[in-house]
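So the chains spell out like this:
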Amino acid sequence: MTLDQVKPGYGGIITAVGGEGALRHRLLDMGLTPKTHVMVRKVAPMGDPIELYLRSYVLTIRREDAAKIQLKEVSPV
Amino acid sequence: MSDLLALAGNQNCGKTTLFNCLTGSNQHVGNFPGVTVEKKEGPIKGHKDMILVDLPGIYSLSPYTSEEVVTRDFILKEHPKAVINIVDATNIERNLYLSLQLMELGIPMVIALNMMDEVRASGNSIDVELLSAHLGVPVIPISAGKNEGISDLLDAVTETVRHPKPPARMDFCRGEVHKAIHSIAHIIEDQAKTSGYPLRFAATKLVEGDELMIKALHLTSDQKHILNHMVENMEKALDMDREAALADMRYTFIEEICRDCVVKHRETREQVRSEKIDRLLTHKYLGIPIFLGIMLLIFWLTFSVLGAPLQDLLDNWIGVGTDWLEGVLVSAGTSEWVRSLLIDGVCAGVGSVLSFLPIIVLLFFFLSLLEDSGYMARVAFVMDKMLRKIGLSGRSFVPMLIGFGCSVPAIMATRTLSSDRDRKMTIVLTPFMSCSAKLPIYGMITMAFFPKQGGIVMFALYVLGMVVAILSGLLLKSTIFKGNPVPFVMELPSYRMPALRGVLMLMWEKAKDFIRKAFTIIFVAAIVIWFLQSFDWSLNWVEDSTDSILASIGSVIAPLFIPLGFDDWRASTALITGLTAKESVVSTLTVLTGAASDAQLSAVLHTIFTPVSSISFLAFTVLYMPCVAAFAATKRELGSLRAAVATAAYQTSVAYIAAFVIFQFGQLFFG
Ligand SMILES: Nc1nc2c(ncn2[C@@H]2O[C@H](COP(=O)(O)OP(=O)(O)OP(=O)(O)O)[C@@H](O)[C@H]2O)c(=O)[nH]1
Ligand SMILES: [Mg+2]
């Protein structure tokens, strides 16, 4: 499952981070690395971007970028 | 020789707070990632030989935005004696990610573990000694915001400067990554030395695939070949590409030491509280109405509830002061022209502007509350989708909000935007957000023409600015600034209580700036205007200012504005002096009308404008090119005079067209 399809309140473990270039580098730098647990906390009022919780902090990214992140073991947190 | 010390750390981890603490400065602090966009330096209090440099926040040494490049360049090229790395203890994993990279540089380093107050208050703890042993650098727990642990930090820093030694540990990797980094370090040793990069850092960057490093080291094709080969082997063995492999290597190491040193039972109180507050403030349906409500509330409080009475009060004092001065001048028997210069020139000109001091300070007060509380980051989150429609990202909203205060810091704030295209477009659009210096103009005109509907007219002017910015965005997006919208990756900090001291300091700074401006630029402009309107070309005193030097200059440009409905030379002159500072529009008109009271001023204004043309005049002032200070900022940020001139020309044309349309339609309906 990709991160953009995860419903608020659910989380899972990252298996792969796709995409390329500076953006991908940024996502990895921000701690979205394989084996990390990430939870979707919220969707912005207009449906995009989404709010994530990982490594004890809150990060926001857009859906289309979240679509590049693969998750496993998605379950309610 | 004094020693340079660099303050480095993630965005919003408290670098500037610590900088202010250590140097006694008053640099801008805010609860928003990316407040500092330029490096700032100052000597440490009590240690004049140590110069501290505050840097923009970065998340890694692979820079992403233009202000982040500043930091990487500073640390790599200016060779600071030591780095003070600030780590936000409430968010330790991601913060240590940068620390590991800084350690690879081999520069002596001290870690300041900040925000310990929040960690402690939530019942969590961090074993600082153990952390220090794992990392091989001194770690000092502090709370910059509460001024705790600062002297311990200072001791550790002085010690490090006196006996500098590189971090004891630079190796956090094992297995395949380790193999690759070490073999590569081996083959590039000489090149790293000649090019001046720390070897370990250079090797890691090569494994990571950093283009800048590959160029900087002038690798031979043989070396490139070996490099690629080793990286391929590593990727195959780990089943991960090079970038992910390195990020994974660092984070794995960090997770291990955190498991050892960090006792975390729960989220911090601030984090728990933030989640609750956000349930309301970024609510699916309520989020946007609440944002609009907050903005309306701010404007309402600033302009009417709090601002208006304060302004009246100040106006009275200025009136009393002017009368007193006139009395003194008369009894001293000064000549009429001296009285005219001081009363009709200086007092009228400067006074008309000065009374706006409370409103402007209030506006900055509320903007700083928005920023310090952490709400500004939420605004970016809520508005991102909308801004994407005009080709920008949520982050662009922040410079625009700051633009309601002043365009200069707003234009500078665009440095935190990650793409050049976003930056340029935001710089062009930001001045359409009506800045606080234009308030006196709206105040003067609405008082004369729409005393009852002042609030509505003012609100409409702000909306006009925003609508024009949106339309311009759409236009620019499909013409000059084509391209895909950039990604939006931003941390949302915890809500925090705004620090009273910081907010008060900011208000004081803004008040000082404004008063300084009133007594320099506007003062001089008022005198010049008074002079030009009191004399004719052969320097004879004129009774009627229509015979003056200014009138003859103003009359040359005045016809340009006939299609906009105001052809009086005084209006066009005011618009031009407005380029020095927007408040000058008011002081100029006041001086030129020679009015001694508000009633008189209104009467004269009615001879210059009709109600319809007063609106087109206002529309023009909202939109036309910003003042010289903002123009200079535009030039600096766009990096070219030509681009800045083009921007100003664009803004002025837009203003002309908008005012034209408003006047012509207004004529049809009300004319
Ligand atoms: N609770 C607490 N808050 C702090 C502490 N130090 C700083 N803050 C707050 O953290 C926020 C960020 O502080 P800044 O000093 O602006 O952070 P910065 O690292 O300079 O941020 P950028 O310039 O944006 O990279 C502000 O709201 C501060 O009031 C601290 O020790 N404890
Ligand atoms: Mg800062």
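Before reading further, recall that the structure is shown in the block above.
A short tour of the structure in this document, coming up. In this text the structure is predicted, and so the values were computed from the model without any measurement. (Residues numbered from 1 in each chain as written. Chains lettered and ligands numbered in written order. Predicted model: local features only at pLDDT ≥ 70, side-chain atom pairs only at ≥ 80, totals over all residues. Heavy atoms only, no water.)

1. Here's the deal with the interface of chain A and chain B
So, step 1. Residue-level contacts link 34 residues of chain A with 47 residues of chain B.
So, step 2. Contact with chain B buries surface across chain A, with Arg26(A), Met46(A) and Arg62(A) losing the most and accounting together for 21% of the total.
So, step 3. At the junction of chain A with chain B, the criterion picks out 10 salt bridges.
So, step 4. For Asp241(B), the salt bridge identified is with Arg24(A), shortest N-O distance 2.6 Å.
So, step 5. For the interface between chain A and chain B, the tally reads 23 residue pairs in polar contact (both at pLDDT 80 or more).
So, step 6. For the side of chain A that touches chain B, the secondary structure elements donating two or more residues are helix H1 (21-29), strand E2 (37-43), strand E3 (50-54), strand E4 (57-61) and helix H2 (63-66) of chain A.
So, step 7. Per-element tally for the side of chain A that touches chain B: the top contributor is H1(A), with 8 residues.
So, step 8. Tallied by class, residues from the side of chain A that touches chain B come to 17 nonpolar, 5 polar and 12 charged.
So, step 9. Of the pairings in the sheet, the one linking E4(A) to strand E9 (residues 490-491) of chain B comprises 2 bridges and is antiparallel in character. Bridge pairing links Leu59(A) to Glu491(B) in E9(B). (Contact = heavy atoms within 4.5 Å. Buried area = accessible area lost by both parts, 1.4 Å probe. Salt bridge = Lys/Arg side-chain N within 4 Å of Asp/Glu carboxyl O. Polar contact = N/O pair within 3.5 Å; in protein donor to acceptor, adjacent residues only side chain to side chain. Helix = DSSP H or I, 4+ residues; strand = E, 2+ residues; numbered from the N terminus. Nonpolar A, V, L, I, M, F, W, Y, C, P; charged D, E, K, R; others polar. Pairing = 2+ DSSP bridges.)

2. Here's the deal with empty space enclosed by the protein
So, step 1. Going through the model one piece at a time under the given rule, you end up with 2 cavities of 30 Å³ or more.
So, step 2. For the largest cavity, the calculated volume is near 200 Å³.
So, step 3. Gln271(B), Glu491(B), Leu492(B), Pro493(B) and Ser494(B) are the residues nearest the centre of the largest cavity, which is lined by 26 residues in total.
So, step 4. For the lining of the largest cavity, the secondary-structure elements that each account for two or more residues are E3 and E4 of chain A together with helix H3 (92-104) and helix H12 (269-281) of chain B.
So, step 5. Among the elements that line the lining of the largest cavity, the one with the most residues is H12(B), at 4 residues.
So, step 6. Taken together, the residues of the lining of the largest cavity break down into 7 nonpolar, 10 polar and 9 charged.
So, step 7. Here the second largest cavity is characterised by a volume of approximately 140 Å³.
So, step 8. Tyr64(B), Arg395(B), Thr416(B), Ser418(B) and Val489(B) are the residues nearest the centre of the second largest cavity, which is lined by 16 residues in total.
So, step 9. Class assignment for the residues of the lining of the second largest cavity results in 7 nonpolar, 5 polar and 4 charged. (1 Å grid on protein atoms, 1.4 Å probe; cavity = no way out; pocket = protein on both sides within 12 Å on 5 of 7 lines; lining within 4 Å. Points joined across faces, edges and corners; volume = space filled by probe spheres on them.)

Read these as spatial facts, not as claims about activity.
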